[in-house]
Amino acid sequence: MDKRDLYDSFGGMEQQMQQMLDKMAKLRADMTTVLEKNAELVIENEHLRERMVEIENELPKKPVGTTTLSKSRQNLEKLYDEGFHVCNQFYGKRRNDDESCVFCLDVIYGERERP
Amino acid sequence: MKFTINRSAFIKELNNVQRAISSKTTIPILTGLKLDVASDAITLTGSDADISIETTIPAVDDNNTLVVEAEGSIVLPARFFSEIVKKLPEDTMTVNVEDGFQTQITSGAASFTINGLDPENYPHLPEIDTTNTVTLAGDVFKELIGQTVIAVSTQESRPILTGVHFILKDGEFLAVATDSHRLSQRKIKLPEANNADYDVIIPGKSLTELSRMIGDNNPDVQMRLSENQVLFVLGNTSFYSRLLEGNYPDTSRLIPKESSTTVEIEAPALSAAIERASLLSHESRNNVVRFSVNPSDKTVTIFGNSPDVGEVTEQLQPAELTGDELEISFNPDYMKEALRSFGQAMIRISFTMALRPFTLVPTEDGENFIQLITPVRTF
């Protein structure tokens, strides 16, 4: 290999490392932001829940809502809406670009005979 | 090994076999084409380890003008061999393997000598027992492939969904494919195969290649199965494909049995409207069109938009509309492909609710062909 090539490749590598370092710093900063936000949301969520309990106690018993989904199915629906598969095939995998999944929909809304 | 043959008859078969030969294979000998010359016929074989195609050119058929002077086998580099054969000057050509694997191809004044490979190293084709045979009409089978293969997944991360699931039971042949976003299912009655019972998954890619080989002059396709291979016999040609291993998800329960809203409409009219709406939806990030059913004035409204470009609305008058008001969003590309598979037919679309999959069936014979599309949630 030519000596100049050697220098060039060192230069290239240095540049790549620098870029990597920048990226890392940026990622760390992003993570910190996300964590901060998360902490805020947790606190807010707690407040909201407290408030909800208060309101629920004030109100007389609500009539049954329009939704007929069971609690566990509602949980699955929530996960699906957050962008995760809840079906047997791809459970826990991310749904790319909010793609729809026929298996998940079956799990959430499908009729199922009780054993 | 030495034979002389009519070039156009040979090219026709060569083209078929070449479908299986890939230049990107990791096994070098599979870039070659195997020629087996017997006293009464020559056999061409091509393979990419997933698909293998074998075809026989018999000497009895006078159109082939096949004259065998010496029997034998050779593997020739497929790409060069076919290009050479196609460019030869005369109507007939002679292939002669001299000493070793050097092969001489002559036609008129042109003479090529190319290096072949040892036929002993060529992998053996799977042996499939001939007792389990199902015979299908070529045109029906081709239609079935065309209708189901569209829903096959292209993502290698879901290997099992890259195939079409075939079930033969009680004289009924069922083909299902899904990529988890949409599903296509076709049934064919096969009363003569009443006691056969199969459950296999055939790679969609193999089926696409196979359907290209089913010409108008091949009325019947025979399907034979073994543990991990399927063989389709079309006249003198045998098409082998690997089967996909694993359990196909249960799809029978995915198809809704009831519906609250149904719309009957001409497939081409809806297809054209969806096509227009998708012009804009393709520009937006989530690529959906909204489909609103309005029973009070018996209309259907299709709406597509892209925040950057603009929006489109189109009102359609379906032939028939019953049930509740509904608003649903879906990926227009799935809809377009599904509609194309119906051709010119009148179709019935059945919805249950905005979040559940909906089905499309032809109004005639709605039992045997179903397309299912899942909606996209919009907030």
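Residues numbered from 1 in each chain as written. Chains lettered and ligands numbered in written order. Predicted model: local features only at pLDDT ≥ 70, side-chain atom pairs only at ≥ 80, totals over all residues. Heavy atoms only, no water.

For chain B, an unreviewed UniProt entry supplies the name Beta sliding clamp and the organism Lactiplantibacillus plajomi. Its UniProt record gives chain B a comment under Subcellular location (unreviewed entry), which states: "Cytoplasm". Per UniProt, chain B has the following entry under Sequence similarities (unreviewed entry): "Belongs to the beta sliding clamp family." (UniProt positions renumbered as here; feature names shortened; annotations may be inferred.)

As annotated in an unreviewed UniProt entry, chain A carries the name Replication initiation control protein YabA and is attributed to Lactiplantibacillus plajomi. The record in UniProt for chain A states the following under Sequence similarities (unreviewed entry): "Belongs to the YabA family." The UniProt entry for chain A carries the following text under Subunit (unreviewed entry): "Homotetramer. Interacts with both DnaA and DnaN, acting as a bridge between these two proteins."

Caption draft 1: Up close: the overall build of chain A. Summing up its helical and strand segments, chain A has three helices and zero strands in all. For chain A, buried positions account for 19% of its 115 residues. For chain A, contacts bridging at least 24 residues in sequence account for 27% of all contacts bridging at least 6. (Helix = DSSP H or I, 4+ residues; strand = E, 2+ residues; numbered from the N terminus. Buried < 20%, exposed > 50% of the residue type's maximum accessible area, 1.4 Å probe, protein only. Contact = heavy atoms within 4.5 Å.)

Caption draft 2: Representation of the interface of chain A and chain B in the model. Opposite the 19 residues of chain A that make contact, chain B presents 19 residues. With both sides pooled, the region where chain A packs onto chain B buries about 1,800 Å², and carbon together with sulfur makes up 54% of that total. If you look at where chain A meets chain B, you find four salt bridges. Note that D106(A) and R253(B) form a salt bridge whose closest N and O atoms lie 2.8 Å from each other. For the pair chain A and chain B, the number of links is eight residue pairs in polar contact (both at pLDDT 80 or more). Looking at the side of chain A that touches chain B, the elements that each hand over two or more residues are α2 (71–81) and α3 (102–109) of chain A. Ranked by residue count, the leading element in the side of chain A that touches chain B is α3(A), at five residues. Within the side of chain A that touches chain B, the residues separate by chemical class into seven nonpolar, five polar and seven charged. (Buried area = accessible area lost by both parts, 1.4 Å probe. Salt bridge = Lys/Arg side-chain N within 4 Å of Asp/Glu carboxyl O. Polar contact = N/O pair within 3.5 Å; in protein donor to acceptor, adjacent residues only side chain to side chain. Nonpolar A, V, L, I, M, F, W, Y, C, P; charged D, E, K, R; others polar.)

Caption draft 3: Region of interest: the side chain of S206(B). You can see S206(B) is positioned in helix α4 (residues 204–213). Each residue touching S206(B), except ones within four places of it in the same chain, is listed here: I51(B), F239(B) and S241(B).

Caption draft 4: Seen up close, α4(B). α4(B) sits mainly inside the fold: seven of its 10 residues count as buried. Looking at α4(B), one finds that the buried residues are G204(B), S206(B), L207(B), E209(B), L210(B), S211(B) and M213(B).

Caption draft 5: Fine view of the UniProt feature "binding site: Zn(2+)" (unreviewed entry) in chain A. UniProt's feature table lists "binding site: Zn(2+)" (unreviewed entry) at H85(A), C87(A), C101(A) and C104(A), given in the numbering used throughout. Sequence-wise these annotated residues cover 20 residues; spatially they are packed, their C-alpha atoms never more than 8.4 Å apart. Structurally, H85(A) can be placed in the loop between α2 and α3. Ignoring any residue separated from it by four or fewer positions in sequence, one finds H85(A) in contact with F90(A), Y91(A), G92(A), K93(A), R94(A), R95(A), E99(A), C101(A), C104(A) and R158(B). Turning to its location among the elements, C104(A) is positioned in helix α3. On the accessibility criterion, C104(A) (0% relative accessible area) is buried.

Caption draft 6: The UniProt feature "domain: DNA polymerase III beta sliding clamp N-terminal" (unreviewed entry) in chain B, seen in detail. Under the UniProt annotation, the feature "domain: DNA polymerase III beta sliding clamp N-terminal" (unreviewed entry) is placed at residues 1–126 of chain B. Note that residues 1–126 of chain B is 17% helix and 43% strand, and that its end C-alpha atoms are spaced 25 Å apart.

Caption draft 7: Representation of the packing of aromatic side chains within the structure. All names here are of chain B. Going through the model one piece at a time under the given rule, you end up with 11 aromatic pairs over all chains. Ring geometry for F141 versus F166: centroids 6.5 Å apart, planes at 40 degrees, classification tilted. Of this pair, F141 sits in helix α3 (residues 138–149) while F166 sits in strand β11 (residues 163–169), and the two are 25 residues apart along the sequence. Each member of the pair, F141 together with F166, is buried. Joined through ring pairs, the aromatic side chains of F141, F166, F173, F232 and F239 make up one cluster. (Phe/Tyr/Trp six-rings, centres within 6.5 Å; stacked < 30°, edge-to-face > 60°.)

Caption draft 8: Representation of the nonpolar core in the model. All names here are of chain B. Ranked by size, the top nonpolar core spans 62 residues in total, and within it F10, F81 and F141 carry the most contacts. Counting contributing residues per domain, this core is built from domain 1 (2–121) and domain 2 (134–252), each supplying no fewer than three. Every residue in contact with F81, bar those within four places of it in the chain, is listed here: F10, L14, L33, L35, L76, M93, I105 and I114. With 31 residues, the next largest nonpolar core counts A267, L270, L321 and Y334 among its residues. (Core = buried A, V, L, I, M, F, W, Y, C linked by side-chain atoms within 4.5 Å. Domains from an automatic or database assignment.)

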